[in-house]
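What the coordinates show
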Amino acid sequence: MTKVGTQKREVSGSGIEPTAESGEAEAASVPQTEDVRTGALSVNTKEVSCHAGKEELRRAAEAAGKSEALDQYAKDYPVGPHDQPQSMCPAFGSLRVGLRMRRTATILSGSACCVYGLTFTSHFYGARRTVGYVPFNSETLVTGKLFEDIREAVYDLADPELYDAIVVTNLCVPTASGVPLKLLPKEIDGVRIIGIDVPGFGVPTHAEAKDVLSGAMLAYAREEVEQGPVQAPREGVESRPTVALVGEVFPADPMGIGMMLEPMGLAVGPTVPTREWRELYSALDSTVVAAIHPFYTSVFREFESAGRPIVGSAPVGRDGTAAWLDRIGDTCGVAQKVTDGVKDRILTAIDGALSNAAIRGRITLSGYEGSELLVARLLIESGADVRYVGTACPRTVWSEVDRDWLEQKGVHVQYRASLEQDLAAFEEFEPDLAIGTTPVVQKAKEKATPALYFTNLISARPLMGPAGAGSLAQVINAAMANRDRFADMKAFFEGVGDGFAAGVWETPPTEPKPQAQKKARRAAPAEKGLEEAVGC
């Protein structure tokens, strides 16, 4: 983590001089008044704590001119039957997208503890990239000086030799205080500036925060395309019609999808979120968009604005692959005879992979990545008895195909699933294996039930086509085979770290009666001996 923007730039006169890129820069220098407004935006001069609570932070943000952004988030990411799923800070999702892109710098504006946690998590997941941080205190926050510091940081970083884009992210407190990232210049010396608000009180999950940044980038790129010629793809322009993929998929999956599309005269296009800015242009130029992960609402809105049709679900398992290839072929104008020929070859390979990698056992599944329904489909076609699928993501039109298929198989699908719902499903269905988030895995193992963490052990595998058909059986069958070992360990450690021995108590621990009785018996001879000695 690197602090940026703490040194003053050399400017003529006092404050920040307006430039052609930002005619409103002078207006953004906010004096110390009770309510300062910059056009439709404002800076909330009342200090807001990150511990203030969601509703207070939301009210502060609305009062500070962030209503438009929050209203759009509420429309794009409906929270459903309960307030918000329990998962990591949503800003991790947008941070991850930016850190995975070439020639893209990232700046965070938020409380130091939040920034530390986000950078730690991002590095844990393998992003060995510098994260810029603009620090603030009560004074710089309420006077508007924080915005000036952010603007300085952006100018300091905007080197076209190093970067195509700079992403600036407001976390909870700057968003609630109305720090107006919209007033940043759109570009500096050819370096694009993308400012987004990703507050925990406005974006429900880290998965949807990926959509916030990806959608903002795609919207910027679409404007560039409309204005004239843009940079060509690194590997050249594809002559065949392409299928853009939406969702963070396993690296082998686009290659597998490309092999299925090639006999149909099609090619796989870029995957959004992209790894480089120029890939956004290629994605917009695709013939059709595959909504592999169905929660990218703002991304799909940009594709629809560009006139690109969208196809839901993914080529997962036998049924899913057959239906997906039909929809892609129909959308791209491929002759049904050609599509049928491709399906015959691909489905035969999938049937063979499924028969050689059977799964036998009852499974409950939950996660927050957005691919939970696809994984459940693959498990069922592998022979597993899946009773429950919980996802932290919302129900969208692009997941309807998968939801219908699962419900016809008797599976309960829970969108915006809470931890309590996931644990209740585990208790009700008593699975042979629980796949889920960390607390679900912990609960299962306490009950001596094998469990696998969804993000690292399940979603980080190929799922599409023949390669995906047999990818899950080995790890899942190995986990279920450990049930006896779990039972042995539970019996051996019975009572350790539980109850009075837990080590953390809300009330003083009460020692069990049998141990209290033993203690009393051990003390009795000593007391008797003491009495006899006194008697002498």
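First, a word on what this report is: a plain description of the structure on this page. This one's a predicted model, so the numbers in the text were calculated from it and none came from an experiment.

Reading guide: rules and limits
Residues numbered from 1 in each chain as written. Predicted model: local features only at pLDDT ≥ 70, side-chain atom pairs only at ≥ 80, totals over all residues. Heavy atoms only, no water. Buried < 20%, exposed > 50% of the residue type's maximum accessible area, 1.4 Å probe, protein only. Helix = DSSP H or I, 4+ residues; strand = E, 2+ residues; numbered from the N terminus. Pairing = 2+ DSSP bridges. Right-handed = clockwise from strand over helix to strand, strands pointing away. Core = buried A, V, L, I, M, F, W, Y, C linked by side-chain atoms within 4.5 Å. Contact = heavy atoms within 4.5 Å. Axes fitted to C-alpha atoms, helices over the stretch in contact; angles between N-to-C directions. Arc of directions from axis to C-beta. Phe/Tyr/Trp six-rings, centres within 6.5 Å; stacked < 30°, edge-to-face > 60°. Lys NZ or Arg CZ within 6 Å of the ring centre and 35° of its normal.

This part covers the pairing of strand 13 (residues 362-367). Among the six residues of strand 13, five are classified as buried, and the element is accordingly described as predominantly covered. The sheet contact formed by strand 13 and strand 14 (residues 385-391) spans six bridges and is parallel. Bridge pairing in strand 14 links Leu365 to Val389. Taking the sense of rotation as the criterion, the β-α-β connection linking strand 13, helix 14 (residues 372-381) and strand 14 turns out right-handed. In this structure, strand 13 lies alongside strand 16 (residues 433-436), joined through three bridges in parallel fashion. Within strand 16, the position partnered with Thr364 by the bridge is Ala434.

With 59 residues, the main nonpolar core has Ile328, Ile363, Leu379, Val386, Ile435, Ile458 and Ile476 as its most contacted residues. In contact with Ile328, not counting residues within four places along its chain, are Val243, Leu261, Leu266, Val288 and Val311. One finds Tyr73, Val212, Ile310 and Cys393 within the second-largest nonpolar core, a separate group that totals 53 residues.

Below, the discussion takes up the sheet that holds strand 10 (residues 267-272). Strand order in the open sheet formed by four strands is 10-9-11-12, and the pairing between neighbours is parallel. Every other strand in the sheet has two partners, leaving strand 10 and strand 12 (310-312) as the edge strands with one partner each. For this sheet the average axis-to-axis angle between neighbouring strands, irrespective of direction, equals 30 degrees. Relative to strand 12, strand 11 (residues 288-291) is paired through three bridges, and the arrangement is parallel. Paired with Val289 across the strands is Ile310, a residue of strand 12. In this fold helix 9 (residues 252-261) packs onto strand 9 (242-246) and strand 10, with an angle of close to 150 degrees to the strand it touches most, strand 10.

Looking only at helix 9, the buried set comprises Asp253, Pro254, Ile257, Gly258, Met260 and Leu261. End-on view of helix 9: buried residues confined to an arc of 160 degrees, all on one side of the axis. Pointing more than 90 degrees away from the buried face of helix 9 are the exposed residues Met255 and Met259. If you follow the buried residues of helix 9, they end up packed against strand 9, strand 10, helix 12 (317-332), helix 13 (336-355) and helix 19 (465-469).

The subject of this paragraph is unusual backbone geometry. The omega angle of the peptide bond from Val272 to Pro273 is 10 degrees, so this bond is cis rather than trans. Along the chain, Pro273 turns up in the loop between strand 10 and helix 10 (278-284). Despite not being glycine, Arg103 shows a phi value in the positive range, around 50 degrees. Relative to the helices and strands, Arg103 is located in the loop between helix 3 (91-99) and strand 4 (104-109). For Arg103, a relative accessible area of 29% puts it in the partly exposed group.

Glancing now at the packing of aromatic side chains. Counted by the stated rule, this structure contains five aromatic pairs. On the numbers, 4.6 Å between centres and 25 degrees between planes, the contact of Phe295 with Tyr296 is stacked. Phe295 sits in the buried class, given a relative accessible area of 1%. The class of Tyr296 is buried, set by a relative accessible area of 0%. Between Phe300 and Trp398, the ring centres sit 5.7 Å apart and the planes meet at 65 degrees, which makes this aromatic pair edge-to-face. With Phe300 in helix 11 (residues 297-305) and Trp398 in the loop between strand 14 and helix 15 (400-408), this pair connects stretches of sequence that are 98 residues apart. The side chain of Lys186 reaches across the aromatic face of Tyr220, ending 4.8 Å from its centre.

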